[in-house]
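Each chain, letter by letter, is given below.
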Amino acid sequence: MSLDNYKKTIKIEGLLATFESGIRLKDLFDRLWKRGFTLENVPDILEQSLAGACSTNSAGTGSYPGMSTTIREIRLICGDGSIRTCSRDNDHDLFMAATVGIGLIGIVSQITIECVPAFKRTRVIEKCHTQKIIPNLKKIFEEKKHVYIMMIDETPWDCEFNMEWYETCDLDAAIEPVGGAWSARAVQIR
């Protein structure tokens, strides 16, 4: 079943935003950004739907939790045709089952998510070797946001890595948007 045409913004009030579940994340972030909001963590694949990202607990990187933790309310179309709305406070068991339910509980038609005020971030890339990365992994993930570590060399015991992370910067920073205003960022090579 495709929800591709199910992509309206239902409402955005305070830090809560309700969307039809077929909206693609790239469109969701553009709509949130225009209202001064975003999500704390951004999944890597922005072509996926909101329902897909939440139902599989899609996540970005680092110590941030997945998409399911942003969900505040779900509207389901159940197998018998009934429509049920659930949240942590209303029909808690159904909510917990549907939150990362990979579509098994019913068709997720609307999702209300909790947002954060919009922010810009700078992408930082640092080249490092195994000797720096391996002993410091825990510290790296505790101190840096949205960390990616990619091996450049093919020799695993003494190789070069690109370590990337994002640093939050002022909304007024003169950073040109890349991939949409919500992900405005500049690249610093260290």
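Residues numbered from 1 in each chain as written. Predicted model: local features only at pLDDT ≥ 70, side-chain atom pairs only at ≥ 80, totals over all residues. Heavy atoms only, no water.

**Q** So what exactly am I meant to see when it comes to the pattern of salt bridges here?
**A** Once their charged atoms are close, side chains differing in charge can pair, the charge on each being opposite to the other. According to the stated counting rule, one finds four salt bridges in the structure shown. A salt bridge links E114 to R72; the nearest nitrogen and oxygen atoms lie 2.6 Å apart. Here R72 lies in strand β4 (residues 71-77) and E114 lies in strand β6 (residues 107-114), a separation of 42 residues in the sequence. For E114, a relative accessible area of 33% corresponds to the partly exposed category. (Salt bridge = Lys/Arg side-chain N within 4 Å of Asp/Glu carboxyl O. Helix = DSSP H or I, 4+ residues; strand = E, 2+ residues; numbered from the N terminus. Buried < 20%, exposed > 50% of the residue type's maximum accessible area, 1.4 Å probe, protein only.)

**Q** What's the story with the side chain of S87 in this structure? I'm lost.
**A** Topologically, S87 is positioned in strand β5 (residues 83-87). Given the relative accessible area of 11%, S87 is considered buried. The contact partners of S87, leaving out residues within four places of it in the chain, are R72, E73, H92 and F95. (Contact = heavy atoms within 4.5 Å.)

**Q** What am I meant to see in the side chain of T38 here?
**A** Tracing the backbone shows T38 in strand β3 (residues 37-38). Dropping the residues within four chain positions of it, T38 is found in contact with F29, L32, C115, V116, P117, A118 and F119.

**Q** What's the story with a nonpolar patch on the surface in this structure? I'm lost.
**A** Taken together, the side chains of I102, L104 and I105 define a hydrophobic patch exposed on the protein surface, amounting to about 310 Å² of accessible area. By secondary structure assignment, the location of I105 is in the loop between α3 (92-99) and β6. (Patch = residues over 30% accessible without salt bridge, like charges linked within 9 Å, V, L, I, M, F, W, Y side chains within 5 Å. Areas by Shrake-Rupley, 256 points an atom, 1.4 Å probe, with all protein chains shown as cover.)

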